[in-house]
Amino acid sequence: MKIINKLEEWIGGVMFIAIFIILIAQILARQVFDSPFIWSEELARLLFIYVALLGISMAIRSQQHVYIDFITNHLPEKVKKVANSFVQILIFISIILFIYLGFKVWLDSSFEIVSLGISEKWLYAALPFISILMLFRFLQAQQSNVNNGLTYIPAIAYVIFTIIIFAIVFIEPNWYRALRISNYVKLGDSAVYIVLVVWLVIMFLGTPVGWSLFIATILYFLMTRWNIVNSASNKLVDSLNSFSLLSVPFFILTGILMNTGGITERIFNFASALLGHYRGGMGHVNIGASLIFSGMSGSALADAGGLGQLEIKAMRDAGYDDDMCGGITAASCIIGPLVPPSIAMIIYGVIANQSIAKLFVAGFIPGVLVTAALMAMNYYIAKKRGYPRTPKASLQQRCQAFKKAIWAVLTPVLIIGGIFSGSFTPTEAAVIAALYSTIIGMFVYKELTLKMLFNSCVEAVAITGVTALMVMTVTFFGDMIAREQVAMRIADVFMAVANSPITVLLMINLLLLFLGMFIDALALQFLVLPMLIPIAQHFGIDLIFFGVMTTLNMMIGILTPPMGMALFVVARVGNMPVSTVAKGVLPFLVPIFATLALITIFPEIITFIPNLLMP
């Protein structure tokens, strides 16, 4: 049983390291030997599909998929238990359909992956076979839920359901005909609206966002044309077959290695030596360290969780109040997704089919603006509250801090320089960053071991699985949105109210600010952007600018209750109430809102440099 429990971790970790080695070899072959491989990218993408699905299985077992719980948290215990039981049934149905549709797609695939000389069946086999493992992990998690009194339905009931379902499938292959709602009721154009309402209901009942998207789309096909579900199902796998998406797990790995390899602490000490002696010095250090760290990990929550503990302890020791410590730590972490590299920008680039390198360049100026605005507010509060200054570091101390941090500080230079010079693609830059972090942690700072490296890869696989499920299901969901032209219908509503691009941007900002209070930023990006991007195109809004603006907007969401994830992360690492962090972050929302307003009114702030460097 122990071997089975570790199955995804071992297989996923080994496959992830294999991708790592393949991509390093690809970079060396192209850059050093000028003899690029023709098979490396295809093989890396193939392995990534397996790694991503194994990550989904790991997240099912640990029940870490993104969900919205601010409504269910206020329900009576018995009602909450009923709601959770209903949610578990929906997840069970989703996994069963993953297996069923996965086998249909696998059996129907017949083309060859030319560069590898193998059938594409290897590509599509990941979905049905790993979904069987997902089902097993679901049963384990379900038994744990029953033991903890979270649900009414025991695992054995799902085992019986599974046997009955597959018996029906084998006896009557066309079993789904009886379930077609279109056989009994003709809903026409209203079907998509019913589906959207059902989707919102099940999502706010606590169904993980990815599974809710999948269930809603399946319901749509049952209401309209089930016979096209097989062609749409290909997108579940094809959505992961993206070289750009491969950069996400490696930037995640870089952030993890920064924390485990001793790099984070040296970044903080360097920022302290530079900025600690100014009025509100430790607050400036907090913001400055976040700016440097953001040039490596590209993740707001990685910043909050990795640097947060160090920053809060240092500020407390310097006499800062807890609300200030927590508030500025949470506010400064949003710099991460703006300054390149940025995981949020990569996901936007994949969704909007825009240049990721151009998005990275576009995010730099807004990132610096947010940094300066936060420092200005920090100075004002520190002066008002009379926080003491720390002694100014001597030139020798600064040089020593820089010497210790030089390898870490060079990471963003390596990443951005490599992308801008054309030496690497964004995905290759992510691989180089992860390799560089590994070398620094193991051979320079000597705080990273092989075991820690493997565990970091496994952690990156698990986090990637959460993103992968939403990439798959939002693409599947997007098939319905495209068929019903939902985005164009929304655009018509916007056109009825708005008469200029600036009015549209104002409405979109208000919509995202409102939704960001209730929906996690990652979930919001997948749910709303596929519908908003066509609207932006319709009104002639530059999509590079739109990506940066919406990213900043959604980062505000992680600072606003009740779903402000940064508030919860900072409260946990700082061992303080969430209410204290929320109180502390309020003043810092003012300069962030001001920056959002500025770039919305003057988009050229964002587009000038990318258009100059990459016309």
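Note on numbering: residues in each chain are counted from 1, in written sequence order. With pLDDT at 70 or above as the cut-off, local features in this predicted model cover only qualifying residues; side-chain atom pairs require 80 or more to be listed or tallied, and sums for whole chains, interfaces and linings still use all residues. The basis for every side-chain value is the complete set of non-hydrogen atoms in the structure, without hydrogens or water.

1. Some words on the overall build of the chain
Then comes step 1: The numbering of helices and of strands both runs from the N terminus, where a helix is a DSSP run of H or I of at least 4 residues and a strand a run of E of at least 2. The number of helices and strands found in the chain is 28 helices and two strands.
Then comes step 2: The atom set for the radius of gyration is the C-alpha atoms, and the globule formula is 2.2 Å times the number of residues raised to the power 0.38. The C-alpha radius of gyration of the chain comes to 25 Å, within 12% of the 25 Å expected for a compact globule of 615 residues.
Then comes step 3: With the C-alpha coordinates of the chain rotated into their principal frame, the extents come out at 80 × 55 × 55 Å.
Then comes step 4: A 1.4 Å probe rolled over the protein chains alone gives each residue an accessible area, and that area as a share of the maximum for its type sets the label: buried under 20%, exposed over 50%, partly exposed in between. Expressed as a percentage of its 615 residues, the buried residues of the chain come to 57%.
Then comes step 5: Sequence-distant contacts in the chain: of pairs separated by 6 or more residues, those separated by 24 or more amount to 80%. Contacts are residue-level and defined by heavy atoms, with any inter-residue pair within 4.5 Å sufficient.

2. Regarding the nonpolar core
Then comes step 1: Judged by nonpolar contacts, the single largest core of 214 residues is most densely connected at Phe250 and Phe546.
Then comes step 2: Ranked by residues supplied to this core, first place goes to helix H21 (residues 450-484) with 17 residues.
Then comes step 3: Residue ranges assigned to the domains are those given by an automatic or database domain assignment. Here this core spans two domains, since at least three of its residues come from each of domain 1 (1-240) and domain 2 (245-477 + 559-588).
Then comes step 4: Once you skip the residues sitting within four places of it in the chain, phenylalanine 250 turns out to touch Phe16, Ile19, Phe20, Leu23, Ala430, Val431 and Ala434. Joining through side-chain atoms within 4.5 Å is the link that ties buried Ala, Val, Leu, Ile, Met, Phe, Trp, Tyr and Cys residues into a set, and such a set is a nonpolar core.

3. What to know about a nonpolar patch on the surface
Then comes step 1: Only residues above 30% relative accessible area that lack a salt bridge enter a patch, with like-charged residues linked at up to 9 Å and the nonpolar side chains Val, Leu, Ile, Met, Phe, Trp and Tyr linked at up to 5 Å. Accessible surface area values rest on a Shrake-Rupley calculation with a 1.4 Å probe, where residue burial reflects the displayed protein chains alone. What counts as a salt bridge is simple: a side-chain nitrogen of Lys or Arg found within 4 Å of a carboxyl oxygen of Asp or Glu. Together, Ile156, Val159, Ile160, Phe161, Ile163, Ile164 and Ile168 line one region of the surface with nonpolar side chains, adding up to about 620 Å² of accessible area.
Then comes step 2: Turning to its location among the elements, phenylalanine 161 is positioned in helix H7 (residues 155-171).
Then comes step 3: Assessed through its relative accessible area of 38%, phenylalanine 161 is described here as partly exposed.

4. A word on the environment of phenylalanine 608
Then comes step 1: Checked against the element boundaries, phenylalanine 608 lands in helix H28 (residues 604-613).
Then comes step 2: According to the relative accessible area criterion, phenylalanine 608 is exposed, its value standing at 54%.

5. What about the domain arrangement of the chain?
Then comes step 1: Along its sequence, the chain is organised into domain 1 (1-240) and domain 2 (245-477 + 559-588).
Then comes step 2: For domain 1 versus domain 2, the separation of C-alpha centres amounts to 31 Å.
Then comes step 3: Put simply, buried area is the surface a 1.4 Å probe can reach on two separate parts but cannot reach once they are joined, added for both. Where domain 1 abuts domain 2, roughly 3600 Å² becomes buried across the two surfaces, and 85% of that area is made up of carbon and sulfur atoms.
Then comes step 4: A per-residue breakdown of the area domain 1 buries against domain 2 is headed by Phe16, Phe20 and Phe48, which together make up 18% of the total.
Then comes step 5: Where domain 1 meets domain 2, there are one salt bridge.
Then comes step 6: The closest approach of N and O atoms between glutamate 428 and arginine 30, which form a salt bridge, is 2.2 Å.
Then comes step 7: Polar contact criterion, stated in full: a pair of N or O atoms within 3.5 Å, where within protein one must be able to donate a hydrogen and the other to accept it, and residues adjacent in sequence count only if both atoms are side-chain atoms. Between domain 1 and domain 2 we count three residue pairs in polar contact (both at pLDDT 80 or more) in total.

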